[in-house]
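# Observations on the model geometry
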Amino acid sequence: MKARNPNNLPEKVCVVCQRPFTWRKKWERCWDDVTTCSKRCNNERKRSNRIARGAADAEGEDAMQCDVSSDASDGAAEKANKKAAKKAAKAERRARREGVSSGGQKACDLCARSVDLLIRCEIDRSSGWRMVCGRCWKTPAVAGGVPDGDGQNPNYRYGGLWKNLHRTM
Ligand SMILES: [Zn+2]
Ligand SMILES: [Zn+2]
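Below is a short write-up of the structure.

Procedures and definitions
Residues numbered from 1 in each chain as written. Chains lettered and ligands numbered in written order. Predicted model: local features only at pLDDT ≥ 70, side-chain atom pairs only at ≥ 80, totals over all residues. Heavy atoms only, no water. Pairing = 2+ DSSP bridges. Helix = DSSP H or I, 4+ residues; strand = E, 2+ residues; numbered from the N terminus. Axes fitted to C-alpha atoms, helices over the stretch in contact; angles between N-to-C directions. Phe/Tyr/Trp six-rings, centres within 6.5 Å; stacked < 30°, edge-to-face > 60°. Buried < 20%, exposed > 50% of the residue type's maximum accessible area, 1.4 Å probe, protein only. Lys NZ or Arg CZ within 6 Å of the ring centre and 35° of its normal. Donors = N, O, S within 2.8 Å, 3.2 Å for Na, K, Ca; no water. Tetrahedral: all angles 85-135°; square planar, octahedral: opposite > 155°, others 65-115°.

Here we have three strands laid out as an open sheet, ordered 6-5-7, and antiparallel in their pairing. Of all the strands in the sheet, the pair left with one neighbour each is strand 6 (129-133) and strand 7 (157-163). Taking each pair of neighbouring strands and ignoring which way they run, the sheet shows an average axis angle of 30°.

Encoded structure:
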């Protein structure tokens, strides 16, 4: 038996097959709970428990017993999951950042606010076409909220709407 355990690892006797088995890396967090030497013996133990206590109790027993059947492939899957989650979070952050910065919005010529809808219009004779946000457009100095102007600004001329098409995507 000494030759099988050169590193002097902790040893236990399997409750199913009564053979000694030594500590393994995969059991490092649950060694105290490990009672069987192998997956096969663990299944055997579960089955006999189920028969002895009835199927209802078997679930609790399974939860208490740590997963001795886990192997390297489980670790790899966990890693892949974490990687995918990280990737998704990064994409979400990027999308949010782009949404805040502009997202296809344009700035109002009067108040410089970035908006999704601008009204193209002339406000005075010298400056030509302006792109104006709804808030500014509603002021009497521009159009007073009337598409053709409310008359208070005699130089007002309506020239169409600009809509942010990125927003609907
Ligand atoms: Zn065994
Ligand atoms: Zn504005």
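There's plenty left to go through after this.
The next subject is the packing of aromatic side chains. Aromatic rings in a pair are described by how distant their centres are and how their planes are angled relative to each other. One pass over the full model with this rule turns up three aromatic pairs. Ring centres of Phe21 and Trp31 lie 5.9 Å apart, and the angle between their planes is 75°; on these two criteria the pair is classed as edge-to-face. Taken together, the residues span a long stretch of sequence, with Phe21 in strand 2 (residues 20-22) and Trp31 in the loop between strand 2 and helix 1 (39-53) at a distance of 10 residues. Of the two residues examined, Phe21 and Trp31, each falls in the buried class. Ring geometry for Trp27 against Trp31: centres 5.8 Å apart, planes inclined by 35°, an arrangement best described as tilted. For the pair Trp27 and Trp31, one class covers both residues: buried. An aromatic cluster is built from Phe21, Trp27 and Trp31, whose rings are joined through pairwise contacts. Sitting over the ring of Trp27, Arg24 keeps its end group 5.5 Å from the ring centre.

Each pair of donors in an ideal four-coordinate tetrahedral metal site encloses 109.5 degrees, whereas pairs in an ideal six-coordinate octahedral site enclose 90 or 180 degrees. Surrounding the zinc ion (ligand 1) are the protein donor atoms Cys14 (SG), Cys17 (SG), Cys37 (SG) and Cys41 (SG), at 2.2 to 2.3 Å. Considering all four donor atoms around the zinc ion (ligand 1), angles at the metal cover 102 to 116° and the coordination shape is tetrahedral. Between consecutive donor residues of the zinc ion (ligand 1), the sequence gaps follow C-x2-C-x19-C-x3-C. Of this pair, Cys17 sits in the loop between strand 1 (11-13) and strand 2 while Cys37 sits in the loop between strand 2 and helix 1, and the two are 20 residues apart along the sequence. Taking relative accessible area as the criterion, Cys17 reaches 25% and is therefore assigned partly exposed.

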